[in-house]
There are 2 protein chains.
Amino acid sequence: MSEKKPTINDVAREAGVSKRTVSRVINGSTNVGPKTLELIQQVIDRLDYSPDKQARGLASSRSYLLGLIYDNPDALYIDQVQRGVLNICSSKGYELVVHPCKYNSTDLVKNCLSFIRRSNIDGVIVLPPVSESKDLAAALREAGHCYVRMASVDLDDHTNIVVSDERAAMSEMARYIVSLGHKNIGFITGPLNYYSSIERLEGFRNTLVQLGIGLDEAKVVEGQNSYQSGQDGAQQLLQLADRPSAIFANNDEMAAGVLRVAHQLGIKVPEQLSIAGFDDNILASRIIPSLTTIQRPVGAMASLAAHKIIQSVEKNIVESVDKEFLVKPHLIIRESTSAPTAVD
Amino acid sequence: MSEKKPTINDVAREAGVSKRTVSRVINGSTNVGPKTLELIQQVIDRLDYSPDKQARGLASSRSYLLGLIYDNPDALYIDQVQRGVLNICSSKGYELVVHPCKYNSTDLVKNCLSFIRRSNIDGVIVLPPVSESKDLAAALREAGHCYVRMASVDLDDHTNIVVSDERAAMSEMARYIVSLGHKNIGFITGPLNYYSSIERLEGFRNTLVQLGIGLDEAKVVEGQNSYQSGQDGAQQLLQLADRPSAIFANNDEMAAGVLRVAHQLGIKVPEQLSIAGFDDNILASRIIPSLTTIQRPVGAMASLAAHKIIQSVEKNIVESVDKEFLVKPHLIIRESTSAPTAVD
DNA sequence: TTGTATGCGTTATCAC
DNA sequence: GTGATAACGCATACAA
């Protein structure tokens, strides 16, 4: 049968002290006599006592619950984030409560606020693209809630954000593609109301310009980060009279769409067309040819976010962590890119 | 500034009743006068009041927290489950706390029990392969915790389990492959200490036997559900003198590995080799050729599990839900399978 | 139908 | 250093 778990009162009684004193040792107060401390510690161990989070929360208005807010179709990304966060927070006594939501919903803010309030969530980590919402961030701040955003642009106090430098990564991508010899390049963007889409496009375009090549605006088409829209974009680009010899797609999902269309059109990849994506999704290494892409250190970013949110909740800022906020994704070269074949 | 949120006392005062009465309407008691009910309901709406879960839990020894326990590499599966569960549980006032763990760890049971106790989790949903652990299930039962297992075998009281009939699904797969004309078939299993692996193999083999074809044991190799082991299995099978004209792999990840090897060996798929997988992973529809596979109604299973766990927690069994426990996956035919080409 | 009183397991405010 | 005792917000015997 399930023994009912010991309470602070049990510990106090066994140790022959008041529960206030037990509370002190639990919370690491210094004002406890050394022998009292040891005695109580022993009893705690013997009884396998651990404080009840709910009662604790009721009294201190904390829940030891962290929330994860997102609306992201990429399951792999979510999973990596969850594990990265848990790596840190579970060892600090926090649990992770997940909260998928609809970024484009009109009651996004209300929905998230309600989520936090209902369960007294101590702090939330917000993932892109939800993290790009000014409204949500403002509401969170306004309501006095702790939060950390994961994003691709530096749009908040560094205490509250972890950003991946996707602009720099895309610059690297541009250099790489140019180094292969490509001059005629197509680009399928993400939704242009996402900062991340803009960042990636800008990083790529600016570098192309610097390299004296430039990006033909007729070969920039807007996608929706979906497989289908990747195919649509590819259809457009590959029907062009002077079709590109390389296409970058804003994520791997769309890049897979491009690959599919190339295959349908009998265009060989990478011989006749180089393709690159972004995310290093599970797809990237599995499809044939495997996909050149950009990998973000998602787990590390998530862990950093967890550190920050816990600091924020506990108002115990460690400068080194507080200052750190930028991580750099890197290029992964696989089979889908190569030098263009000379045509006529 | 953050208004402090209204309590039951605020509502009671505003409505001019005792908090006991407010409590009644919150909990849907019938013993409340109609006008009192409406009045209180109005005040609740006006104040945007919602009961504090922690306090509520402290008083009723419930947390309104559901746990999700798993150790599954398939992020897509996890994501689908999470959304399926949340679909149900969030509308019933529960939140979902995630708990990835190590199935093969020696302290799996202790770890999970500790997780539940720490946060007073009301009930847990356990995913395969962790759900196959007899020890964990026993410990959960022993400790008096509510749980629901998602599995591929009917190994618990129907109140506590949702099973996908993978045996039947694999029978369907076998019929399909045979209907294409294949007689020489290879099979890469999952880890054979998993029930699910056994079920799939048995379902397939039994049907082949029924159809008078049988499965050559020399062409059954054990994989680990990983991409690499799929490649290893394919290497073995495809080097055989009479190499199979069709290979089934226990999951899509391994099937992708098979496809990769076939590609390396210059074996055309599906012309010279048919390949099928299991899961309908995101991979399945993206790779070229797209993969014939089995799709489990994961979201529906998860929702059912959520219903069951909530019933279990609230001790409010609805017969129709209690009896329902079996769901049937179905075959999805794509490009990777076809009739074998006649050889010499 | 409605209200009173008590307890849930902590933390925190005081005194001693 | 230590200990009564009052919150915290709600549920629930028990009355009325």
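Above this text sits the structure in question.
Residues numbered from 1 in each chain as written. Chains lettered and ligands numbered in written order. Predicted model: local features only at pLDDT ≥ 70, side-chain atom pairs only at ≥ 80, totals over all residues. Heavy atoms only, no water.

> Account for the overall build of chain A, with residues named and values stated.
When helices and strands are counted, chain A shows 14 helices and 12 strands. For chain A, the C-alpha radius of gyration of 26 Å lies well beyond 20 Å, the compact-globule estimate for 344 residues. Its C-alpha atoms put chain A at 95 × 40 × 35 Å along the principal axes. Intrachain contacts of chain A at a sequence separation of at least 6 include 71% that bridge at least 24 residues. Per element, the accessible surface of chain A, about 14500 Å² overall, is 51% carbon and sulfur. (Helix = DSSP H or I, 4+ residues; strand = E, 2+ residues; numbered from the N terminus. Rg over C-alpha atoms; globule rule 2.2 N^0.38 Å. Contact = heavy atoms within 4.5 Å. Areas by Shrake-Rupley, 256 points an atom, 1.4 Å probe, with all protein chains shown as cover.)

> Outline the protein's contact with DNA strand C, supporting the account with residue identities and numerical values.
Taken together, 26 residues sit near DNA strand C, with Ile8(A), Lys19(A), Thr21(B), Gly33(B) and Thr36(B) positioned nearest. Counting only the atoms of DNA strand C within 4 Å of the protein, the fraction contributed by sugar and phosphate is 55%. Residue Ile8(A) places a main-chain N or O atom 2.6 Å away from a phosphate oxygen belonging to DNA strand C. Arg56(A) places a side-chain nitrogen or oxygen 2.8 Å from a phosphate oxygen of DNA strand C. When residues of the surface near DNA strand C are assigned to their parent elements, the largest contribution, 5 residues, is made by helix α4 (residues 53-60) of chain A. (Near = heavy atom within 4 Å. Polar contact = N/O pair within 3.5 Å; in protein donor to acceptor, adjacent residues only side chain to side chain.)

> Provide a residue-level description of the interface of chain A and chain B, including the pertinent values.
In this complex, chain A contributes 49 residues to the contact, which on the side of chain B involves 50 residues. Both sides together, the interface formed by chain A and chain B hides about 4500 Å², and carbon and sulfur atoms give 49% of it. On the chain A side of the contact with chain B, Gln54(A), Arg286(A) and Ile288(A) bury the most area, a combined 16% of that side's loss. Arg260(B) is the salt-bridge partner of Glu335(A), the closest N and O atoms lying 3.0 Å from each other. On the surface where chain A and chain B come into contact, there are 23 residue pairs in polar contact (both at pLDDT 80 or more). Within the residue set of the side of chain A that touches chain B, elements represented by two or more residues are α4, β1 (65-70), α5 (75-89), β2 (95-100), α6 (108-118), α11 (252-264) and α12 (282-286) of chain A. With 7 residues, α5(A) is the single largest residue contributor to the side of chain A that touches chain B. Here the residues of the side of chain A that touches chain B sort into 22 nonpolar, 12 polar and 15 charged. (Buried area = accessible area lost by both parts, 1.4 Å probe. Salt bridge = Lys/Arg side-chain N within 4 Å of Asp/Glu carboxyl O. Nonpolar A, V, L, I, M, F, W, Y, C, P; charged D, E, K, R; others polar.)

> Report on the sheet that holds strand β9 (residues 274-276) of chain A, specifying residues and quantitative values.
Residue and element names in this part refer to chain A. Strand order in the open sheet formed by 4 strands is β7-β6-β8-β9, and the pairing between neighbours is parallel. Looking at which strands have only one partner, the edges of the open sheet turn out to be β7 (220-222) and β9. Taking the axes of each pair of neighbouring strands and ignoring which way they run, one obtains an average angle of 15° across the sheet. Bridge analysis of strand β6 (residues 185-189) against β7 gives 3 bridges, and the strand direction is parallel. (Pairing = 2+ DSSP bridges. Axes fitted to C-alpha atoms, helices over the stretch in contact; angles between N-to-C directions.)

> I'd like to hear about the relation of the copies chain A and chain B, residue by residue, with values.
Least-squares fitting of chain A to chain B yields an RMSD of 0.6 Å, with the transformation described by 0.3 Å of translation along the axis and a rotation of 180°. Such a combination of turn and shift is consistent with a two-fold rotation axis. If distances are taken from each C-alpha of chain A to the rotation axis, the shortest is found for Val97(A), at 2.1 Å. (Least-squares fit on C-alpha atoms with pLDDT ≥ 70 in both.)

> Please set out the pairing of strand β2 (residues 95-100) of chain B residue by residue, giving values where relevant.
Residues and elements named next belong to chain B. Of all 6 residues in β2, 6 are buried, a share of seventy percent or more. The two faces of β2 match: Glu95, Val97 and His99 on one face and Leu96, Val98 and Pro100 on the other face are all buried. Between strand β1 (residues 65-70) and its parallel partner β2, the chain crosses via helix α5 (residues 75-89), and the hand of that crossover is right-handed. (Buried < 20%, exposed > 50% of the residue type's maximum accessible area, 1.4 Å probe, protein only. Right-handed = clockwise from strand over helix to strand, strands pointing away.)

> Can you lay out the nonpolar core for me, pointing to particular residues and giving the numbers?
Nonpolar side chains in soluble globular proteins generally cluster together in the buried interior. If you look at the biggest cluster of nonpolar residues, it comprises 62 residues, and the most contacted ones within it are Val81(A), Leu127(A), Met150(A), Val81(B), Leu127(B) and Met150(B). In this structure, Met150(B) is in contact with Tyr77(B), Val81(B), Ile125(B), Val126(B), Leu127(B), Pro128(B), Ser131(B), Val162(B), Met301(B), Ala302(B) and Ala305(B), ignoring residues within four places of it in sequence. Within the second largest apolar cluster, 48 residues are counted, among which are Val221(A), Val258(A), Ile288(A) and Ile288(B). (Core = buried A, V, L, I, M, F, W, Y, C linked by side-chain atoms within 4.5 Å.)

> Describe the environment of Ser131(A), naming the residues involved and giving the relevant values.
Residue and element names in this part refer to chain A. Secondary-structure assignment places Ser131 in the loop between β3 (123-126) and α7 (134-142). Along the chain, Ser131 and Ala59 lie 72 residues apart, while their C-alpha atoms are 31 Å from each other. When neighbours within four sequence positions are excluded, Ser131 is seen to be in contact with Val126, Arg149, Met150, Ala151 and Leu155.

> So, the protein's contact with DNA strand D: which residues are in play, and what are the values?
Looking at DNA strand D, there are 25 residues lining it, with Thr21(A), Thr36(A), Ile8(B), Tyr49(B) and Arg56(B) nearest. Sugar and phosphate atoms form 57% of the subset of DNA strand D atoms that lie within 4 Å of the protein. Within the side chain of Thr21(A), an N or O atom sits 2.5 Å from a phosphate oxygen of DNA strand D. One of the side-chain nitrogen or oxygen atoms of Tyr49(B) is found 2.6 Å away from a phosphate oxygen of DNA strand D. Looking at the surface near DNA strand D, the elements with two or more residues in it are α2 (19-26) and α4 of chain A together with α2 (19-26) and α4 (53-60) of chain B.

> Let's hear about the pattern of salt bridges: which residues, and what values?
What the rule picks out here adds up to 44 salt bridges over all chains. Its salt-bridge partner being Glu172(A), residue Lys328(A) comes within 3.5 Å of it at the nearest N-O pair. Residue Lys328(A) is located in the loop between β11 (326-327) and β12 (330-332), and its partner Glu172(A) is located in helix α8 (residues 166-179); the two are separated by 156 residues in the primary sequence. Judged by its relative accessible area of 29%, Glu172(A) falls in the partly exposed class. A salt bridge links Arg286(B) to Glu253(A), with the shortest nitrogen-to-oxygen separation between them at 2.4 Å. Remark: Glu253(A) occurs in helix α11 and Arg286(B) occurs in helix α12 (residues 282-286); the pair is interchain, linking two chains.

> Describe the packing of aromatic side chains, and please don't skip the residues or the numbers.
Enumeration over the complete set of coordinates arrives at 10 aromatic pairs over all chains. Summarising the aromatic geometry, the rings of Phe187(A) and Phe248(A) are spaced 4.9 Å apart at their centres and angled 45° between planes, so their arrangement reads as tilted. Separated by 61 residues along the polypeptide, Phe187(A) in strand β6 and Phe248(A) in strand β8 (residues 246-249) bring together distant segments of the chain. On the basis of relative accessibility, which here comes to 0%, the residue Phe187(A) falls in the buried class. Taking relative accessible area as the criterion, Phe248(A) reaches 0% and is therefore assigned buried. An angle of 65° between the planes, with centres 6.0 Å apart, marks the rings of Tyr103(B) and Tyr194(B) as edge-to-face. With a gap of 91 residues between them, Tyr103(B) in the loop between β2 and α6 (108-118) and Tyr194(B) in the loop between β6 (185-189) and α9 (195-210) connect regions that are remote in the sequence. Neither residue differs from the other here; Tyr103(B) and Tyr194(B) are each classed as buried. One aromatic cluster in this structure is built from Phe187(A), Phe204(A) and Phe248(A). Between Arg62(A) and the ring centre of Tyr64(A), over which it is positioned, the NZ or CZ distance is 4.6 Å. (Phe/Tyr/Trp six-rings, centres within 6.5 Å; stacked < 30°, edge-to-face > 60°. Lys NZ or Arg CZ within 6 Å of the ring centre and 35° of its normal.)

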